[in-house]
Amino acid sequence: MTVGDGGNGVVGDSNASANVLQPHPVKEQLPGIQYCVNSPPPWLEALLLGFQHYILTLGMTIMIPSLIVPQMGGGKLEKALVIQTMLFVTGLSTLLQSLFGTRLPTVINSSYSFVIPTTSIVLADRYRSFADPQKRFEQTMRGIQGALLVSSCLPIIMGFTGIWRNVVRFLSPLSVVPLVTYTGIGLYQLGFPKLAECVEVGLPELIIMVFISQYRPRFLKSEKAKFDRYSVLCSTAIVWAYAAILTSTGVYNNKLPKTQLSCRTDQSGLIGQAPWIYIPYPFQWGMPTFNPGEAFAMMAASFVALIESTGTFIATSRYASATPVPPSVLGRGTGWLGMGVLLDSLFGSVAGSSASVENAGLLALTKVGSRRVTQISAAFMIFFSICGKFGAVFASIPLPIVAASYCILCGYVSSAGLSFLQFCNLNSFRTKFIIGFSLFMGISIPQYFNGYQISARPGPLHTHTKWFNNLLEIIFMSNATVAAIIALLLDQTLDCKAEATPKDNGLQWWEKFNLYKSDVRTDEFYALPCRLNQLFPSF
């Protein structure tokens, strides 16, 4: 067997000499992970690693309300309460996913995919008539809650009825490559562009984090030293202190307001406004209101979040050193992902949830894929969401610091997608076309739609139905969604009956994971706790 026939053979024929170079062998489970799904680290390490996941979660949890709440008429108090609510729901959703969903060490966090439909609701004409900003904020929030409530039905139905399970059965390693790769790359606008909003803070964070995680272990070798595992905590503490010094010395006093907001450590306004103790509760802003068009647009965002979360689940399984996720487990995780969006709507978040890409990348950086670590991080989220003042201290970290970590962590997720190429025949022109075309169009089509968003021009769709325009724009602005749909369609239609196709796209290797019981290792990673497997059997 040659390298192009699947990656398991040697170069040349069977009579090749023993000293001929061997290709790297295929690895169903990623080696080098120090703690996998079911092997928790010692408690002290687990607490530090869980806190590191919590710090990383703050980025998206703060960024989205900072964009949306001021447009809704909310002040600093409303922004603080929304952040606490989103953090509380994130903790609950993460616990539910780790206990009953995929059972992977996945953090469920607010999704940037929901920003476009949420902004559309905020800018709706019917809310402009409210002169009182507080009244406008509450009415807008209730409209967002109603749209989220309807959109949560999509992943719940697709997950718990088995629809999504049957869809992902068509995936092969070839079609997984663009899906997972663009799940990471799709957040590029939250990486260096956000870092560059305050280069003097963001760039040192990027350099220090790279040094601690990649170079320090090579320069200072020690069996006991594990600072590289906590590179996010260490680098964030150093640069945060540096940013506080720059703020206190008045470096930014005469800068533009936008620069001060990005660079200063005293601009969030959360510490002064956040209550000491606040327990979020359902319908705290009032009962949801419903608009059919806005609900359809929000449902498109939920569909995009579903696809991107599937890519994140697959990357997480790789970095947790688990076997590939069976379709039934992906369906189960999708259903509980929908329950997370339902919690967002009930408690009053300004965005729905999806699997966190950056936290999946952190598993690769730390080489710790333990489920217990993410459960501890969920406990930190719930605690600091209730104790508002303490949580507000960490929420004052400048966003360019968090954006710098995205540059590394999202890159790890993208590389997890490329790693599935080892199961494909890269000497096949069919493989080359599908990979190349889907990757190119996965950049090109969203960039076309993004051009209209950046210039604030009407989108390429000029129908008189605004929600329909938003629906298609949301779908086609997602790199992962576009690339995955193209790759899946081509893989299922292009020479799909040819005898060599299952070898070329890696389907022969993938098929044994399509059924839950077909691999003896599956129960080890994905079995539900106690007797729940009997109540909710996997197929």
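Structural data are supplied above this passage.
Here the structure is a predicted model, which means the values were calculated and not measured. (Residues numbered from 1 in each chain as written. Predicted model: local features only at pLDDT ≥ 70, side-chain atom pairs only at ≥ 80, totals over all residues. Heavy atoms only, no water.)

Engineer: Give a detailed account of the layout of surface pockets, specifying residues and quantitative values.
Structural biologist: One number sums up the size of the second largest pocket: a volume of about 540 Å³. What lines the second largest pocket is a set of 24 residues, among which Ser66, Lys79, Leu261, Ser262 and Leu399 lie closest to the centre. Within the residue set of the lining of the second largest pocket, elements represented by two or more residues are α1 (43-72), α2 (76-100) and α11 (257-263). It is α1 that provides the largest number of residues to the lining of the second largest pocket, a total of 6 residues. Grouping the amino acids of the lining of the second largest pocket by side-chain chemistry returns 11 nonpolar, 7 polar and 6 charged. (1 Å grid on protein atoms, 1.4 Å probe; cavity = no way out; pocket = protein on both sides within 12 Å on 5 of 7 lines; lining within 4 Å. Points joined across faces, edges and corners; volume = space filled by probe spheres on them. Helix = DSSP H or I, 4+ residues; strand = E, 2+ residues; numbered from the N terminus. Nonpolar A, V, L, I, M, F, W, Y, C, P; charged D, E, K, R; others polar.)

Engineer: So what about the packing of aromatic side chains? Which residues, and what values?
Structural biologist: Taken as a whole, this structure holds 26 aromatic pairs when the rule is applied. Ring centres of Trp276 and Phe390 lie 6.1 Å apart, and the angle between their planes is 70°; on these two criteria the pair is classed as edge-to-face. Of this pair, Trp276 sits in the loop between α12 (270-273) and α13 (292-319) while Phe390 is found in helix α17 (residues 388-395), placing the two residues 114 residues apart along the sequence. Grouped by ring-pair contacts, the aromatic residues Phe51, Tyr54, Trp240, Phe380, Phe383, Phe384 and Phe394 constitute a single cluster. The ring centre of Phe420 lies 5.8 Å from the NZ or CZ of Arg318, which sits over that ring. (Phe/Tyr/Trp six-rings, centres within 6.5 Å; stacked < 30°, edge-to-face > 60°. Lys NZ or Arg CZ within 6 Å of the ring centre and 35° of its normal.)

Engineer: Could you give an account of empty space enclosed by the protein, with specific residues and numbers?
Structural biologist: Under the criterion given, the structure shown has 5 cavities of 30 Å³ or more. In this model, the largest cavity occupies a volume close to 90 Å³. Contributing to the lining of the largest cavity are 13 residues, with Ile83, Gln84, Gly391, Ala392 and Ala395 lying nearest its centre. Elements with a minimum of two residues in the lining of the largest cavity: α2, α16 (371-386) and α17. Across the lining of the largest cavity, the residue classes break down as 9 nonpolar, 4 polar and no charged.

Engineer: Explain the nonpolar core residue by residue, including any values.
Structural biologist: Core analysis: the largest hydrophobic core is formed by 102 residues, its most contacted members being Met72, Val82, Val350 and Tyr526. A total of 12 residues in this core trace back to one element, the largest contributor, which is α13. The contact partners of Met72, leaving out residues within four places of it in the chain, are Val122, Pro133, Arg136, Phe137, Thr140, Met141, Ile144 and Val350. Listed in part, the 33 residues of the second largest apolar core include Ala274, Ile376, Ala395 and Ile401. (Core = buried A, V, L, I, M, F, W, Y, C linked by side-chain atoms within 4.5 Å. Buried < 20%, exposed > 50% of the residue type's maximum accessible area, 1.4 Å probe, protein only. Contact = heavy atoms within 4.5 Å.)

Engineer: Give me the lowdown on the state of the cysteines, citing residues and values where you can.
Structural biologist: A complete count under the given rule lists 1 disulfide for this structure. A disulfide bridge connects Cys198 with Cys263, and the sulfur atoms are separated by 2.0 Å. Between Cys198 and Cys263, the disulfide has an S-S torsion of 125° and is therefore right-handed. Here the residue Cys198 occupies a position in the loop between α8 (192-195) and α9 (199-219), and Cys263 occupies one in helix α11, the gap between them amounting to 65 residues. A relative accessible area of 0% places Cys263 in the buried class. (Disulfide = S-S within 2.5 Å.)

Engineer: Can you explain a nonpolar patch on the surface? Please cite residues and give values.
Structural biologist: The grouping of Phe192, Val199, Leu203 and Ile207 at the surface amounts to a nonpolar patch, some 340 Å² of accessible area in total. Top contributing element to the nonpolar patch by residue count: α9, with 3 residues. Relative to the elements of secondary structure, Ile207 occurs in helix α9. Judged by relative accessible area, which is 54%, Ile207 ranks as exposed. (Patch = residues over 30% accessible without salt bridge, like charges linked within 9 Å, V, L, I, M, F, W, Y side chains within 5 Å. Areas by Shrake-Rupley, 256 points an atom, 1.4 Å probe, with all protein chains shown as cover. Salt bridge = Lys/Arg side-chain N within 4 Å of Asp/Glu carboxyl O.)

Engineer: For the packing of α1 against helix α4 (residues 133-151), give the residues involved together with the corresponding values.
Structural biologist: With their axes 8 Å apart at the nearest point, α1 and α4 run at an angle of 125° to one another. In terms of their interaxial angle, α1 and α4 are classed as oblique. Along its contact with α1, which presents Val69, Gln71 and Met72, the element α4 presents Pro133, Arg136, Phe137, Thr140, Met141 and Ile144. (Axes fitted to C-alpha atoms, helices over the stretch in contact; angles between N-to-C directions. Parallel < 35°, antiparallel > 145°, perpendicular 65-115°, else oblique.)

Engineer: Help me get a handle on unusual backbone geometry, residues and values and all.
Structural biologist: In the Ramachandran plot, Arg103 falls in the positive-phi region, its phi being about 70° despite a non-glycine side chain. Structurally, Arg103 can be placed in the loop between α2 and β1 (108-110).

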